[in-house]
Amino acid sequence: MAGYRTQLGTCMQGDSLEVLGTLDDSSVDLIMTSPPFSLQRHKSYGEVGQDEYVDWLLQFGREAYVKLKETGSFVIDLGGAYQKGHPVKALYPFRFMLKMCDEIGYHLAQDMYWHNPSALPTPIEWVNKRKMRCKTSVNTVWWFSKSNLPKADIRKVLVPYSSRMKSLIHNPRSFVKEEGTVRPSGHVMGMKSWAKDNGGAIPSNLLQISNSESNSQYLRYCKAIGMKGHPARFPAKLPEFFIKMLTDHDDFVVDIFSGSNTTGKVAEELGRKWLSIDLSMDYVANSVFRFAENEEQAHRYYTEILSGKDIVIPTLQQMEILQNL
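Residues numbered from 1 in each chain as written. Predicted model: local features only at pLDDT ≥ 70, side-chain atom pairs only at ≥ 80, totals over all residues. Heavy atoms only, no water.

It is not clear to me how the overall build of the chain should be interpreted in this structure. Could you clarify?
Counting its secondary structure elements, the chain contains 12 helices and 12 strands. When the 325 residues of the chain are sorted by exposure, 46% land in the buried category. Long-range pairs, those at least 24 residues apart, make up 70% of the contacts in the chain between residues at least 6 apart in sequence. For the chain, the exposed surface amounts to about 17,200 Å²; the carbon and sulfur share of it is 51%. (Helix = DSSP H or I, 4+ residues; strand = E, 2+ residues; numbered from the N terminus. Buried < 20%, exposed > 50% of the residue type's maximum accessible area, 1.4 Å probe, protein only. Contact = heavy atoms within 4.5 Å. Areas by Shrake-Rupley, 256 points an atom, 1.4 Å probe, with all protein chains shown as cover.)

Could you clarify how one ought to interpret the nonpolar core in this entry?
The tendency in soluble globular proteins is for nonpolar side chains to be buried side by side. Formed by 40 residues in total, the largest nonpolar core has its most connected members in Tyr4, Val75, Leu238, Phe242 and Phe289. With six residues, helix α8 (residues 237-246) is the largest single contributor of residues to this core. Contacts of Val75, omitting those with residues within four sequence positions, involve Leu30, Ile31, Met32, Thr33, Val141, Trp142, Trp143, Phe242 and Leu246. The next biggest cluster of nonpolar side chains, apart from the first, holds 34 residues, and it includes Tyr53, Leu58, Phe60 and Phe257. (Core = buried A, V, L, I, M, F, W, Y, C linked by side-chain atoms within 4.5 Å.)

Help me understand the sheet that holds strand β5 (residues 107-115) in this model?
Backbone hydrogen bonds are what pair the strands of a sheet, in a parallel or an antiparallel way. Spatially, β9-β5-β6-β4-β3-β10-β11-β2-β1-β12 is the arrangement adopted by the 10 strands of the open sheet, whose pairing is mixed. The outermost strands of the open sheet, each flanked by one partner alone, are β9 (206-208) and β12 (310-312). If you compare each strand with its neighbour and ignore which way they point, the axes differ by 15° on average. As paired elements, strand β4 (residues 68-78) and strand β6 (residues 138-145) share six bridges and run antiparallel to each other. From the neighbouring strand, Leu78 faces β6, where its bridge partner is Thr140. Sheet contacts for helix α9 (residues 262-269): β2 (9-13), β3 (28-33), β10 (252-255) and β11 (273-278); angle to β11, the most-contacted strand, approximately 170°. (Pairing = 2+ DSSP bridges. Axes fitted to C-alpha atoms, helices over the stretch in contact; angles between N-to-C directions.)

For this particular structure, what's the right way to read the side chain of Arg290?
Secondary-structure assignment places Arg290 in the loop between α10 (281-287) and α11 (295-306). Looking at Arg290, the relative accessible area reads 13%, which means it is buried. Reaching out from Arg290, the side chain makes a polar contact with the side chain of Thr262 at a distance of 3.2 Å. (Polar contact = N/O pair within 3.5 Å; in protein donor to acceptor, adjacent residues only side chain to side chain.)

Looking at this structure, I do not really get the pairing of β4. What am I missing?
One face of the sheet, then the other: side chains in a regular strand alternate in exactly this way. Counting buried positions along β4 gives eight out of 11 residues, so the element sits mostly inside the fold. Two strands pair when backbone bridges link them, and β3 and β4 are joined in this way by five bridges, in the parallel orientation. In the strand pairing of β4, Val28 is matched with Leu68.

It is not clear to me how the pattern of salt bridges should be interpreted in this structure. Could you clarify?
As a working rule, side chains carrying opposite charge can pair if their charged atoms are close by. Tallying each qualifying case throughout the model produces 15 salt bridges. A salt bridge links Arg130 to Glu125, with the nearest nitrogen and oxygen atoms 2.7 Å apart. According to the relative accessible area criterion, Glu125 is partly exposed, its value standing at 29%. Glu240 is paired through a salt bridge with Lys244; the nearest N and O atoms lie 3.7 Å apart. Of this pair, Glu240 and Lys244 both sit in helix α8, separated by four residues, roughly a single helical turn. By relative accessible area, Glu240 is classed as partly exposed at 25%. Of the residues examined, Lys244 reaches a relative accessible area of 28% and is grouped as partly exposed. (Salt bridge = Lys/Arg side-chain N within 4 Å of Asp/Glu carboxyl O.)

Take a look at the structure:
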């Protein structure tokens, strides 16, 4: 299984079911992934039909359940699709969610949603041509947990306060006239609670993250070497949110459909141990671009991985030592 290794992780080509089987039971803190979607049209990164998709995906859920720690989580970004020839949605994301819980034993810790403001107006037939549907810009992200009390700390992913909230913290009397004010809902307001600065606001379960990458290092090196990048990359801020919230330093993060290995790169930057697996040798090879220091190195790593070698990528400190020899 060719691939590459960094200081904290490994990206390898292989069948994720087989690779997961080699891991110790109860050893994984987080599985963060985005599988090939069940699309009506053939895509270059592979697909299975909608009718088979749920059962196919459940295989990975079963194996992952055994490998997760009791406090671990399985987070999966699932794109939706329309039924062939009709402007009505396929229900496989929801059938998958129910079977993960009812048949395997996962808990649905929370239903999360990723809104991509820069999404193109698709599906073309129902949005652009017939003007019958709104464009699809939200993906379902299921956060499953092995137990009903998974590791999680929302304080690690607080978002900036709005300008109004900053004003309330600075001058709570502008909102709460008297201590113990009762709102129409019956909620009792307290000035002390409003005046406390917690470092940020609690995020909602709708994550607004644009997916408009156009000039990243990964894409630049793909273009320089004359190849197409992975066609279904999710933005780094998506795995970053869950890795921060659901894991600690040195925890173990796994991506079973790693594609361009955004998850591995983010895990490395956040100081988590990681393993990324993809069935496509070409995707494994060009995902090394995320870790290369320059174009020449990217091309060399890519060629060596495709030839079957297992590359060890030195740390910056190790590279400085080698350069000074």
